[in-house]
Amino acid sequence: MRLLLTSAGVRNATIHDALLRLLGRPVADCTAMCIPTALYGHPAVGPGPNVRSFVSGTTDDMTGLGWRSVGVLELTALRSIDDDLWVPRVRDAHVLLAAGVDALYLHHWMRESGFADLVPELTDTVYVGMSAGSMVTTPRA
């Protein structure tokens, strides 16, 4: 997996250029999966307009960059559905976009959901983390 770790998403030309280098193709040619899970873990954020904004790309520079398609990978739901329904879609995605807010909550669900076990197989995937989405890639999330 190739990592682009940011504090606030793809907010400037330098970060956008780095993303394009990692992708090796235009954003419009790539499929993305967004991971909003970290947004649910904080009592001041929780479910609601912040999650909708992240998923729809209306207030951030992650899901609203002009991807060919954007799917949603909600980690808290993965144990309740068959791996055959979500694992192939994650493997096929060019990029994973992880929201920020609560790193510990996101870290817990990455492990609990089985997503963390899949990560070593995603050698061609670009992972873009925003804040907590970046922090969980470190040894001490």
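Check the entry above for the structure.
Bear in mind that the values here come from a model prediction, so they are computed numbers and not experimental data. (Residues numbered from 1 in each chain as written. Predicted model: local features only at pLDDT ≥ 70, side-chain atom pairs only at ≥ 80, totals over all residues. Heavy atoms only, no water.)

Enquirer: Please set out the layout of surface pockets residue by residue, giving values where relevant.
Expert: Approximately 230 Å³ is the volume attributed to the largest pocket. Taken together, Met1, Leu3, His107, Met110, Arg111, Phe115, Ala116, Val119, Pro120, Tyr127, Val136 and Thr137 make up the full set of residues lining the largest pocket. When contributions to the lining of the largest pocket are tallied by element, the ones reaching two or more residues are α4 (103–113) and α5 (115–118). Sort the elements by how many residues they give to the lining of the largest pocket and α4 lands first, with 3 residues. (1 Å grid on protein atoms, 1.4 Å probe; cavity = no way out; pocket = protein on both sides within 12 Å on 5 of 7 lines; lining within 4 Å. Points joined across faces, edges and corners; volume = space filled by probe spheres on them. Helix = DSSP H or I, 4+ residues; strand = E, 2+ residues; numbered from the N terminus.)

Enquirer: Give me the lowdown on the side chain of Ser113, citing residues and values where you can.
Expert: Relative to the helices and strands, Ser113 is located in helix α4. Classification of Ser113 by relative accessible area gives buried; the value is 1%. There is a polar contact of 2.6 Å between the side chain of Ser113 and the backbone oxygen of Trp109. (Buried < 20%, exposed > 50% of the residue type's maximum accessible area, 1.4 Å probe, protein only. Polar contact = N/O pair within 3.5 Å; in protein donor to acceptor, adjacent residues only side chain to side chain.)

Enquirer: How would you sum up unusual backbone geometry? Please name residues and give values.
Expert: Glycine aside, a negative phi is what most residues show, and trans is what most peptide bonds show. In this structure, Val101 takes a positive phi of about 130° despite not being glycine. Along the chain, the position of Val101 falls in the loop between β4 (95–98) and α4. Given a relative accessible area of 35%, Val101 falls into the partly exposed group. Of note in the backbone geometry, Ser131 takes a positive phi value of approximately 55° without being a glycine. Structurally, Ser131 can be placed in the loop between β5 (126–130) and α6 (132–135).

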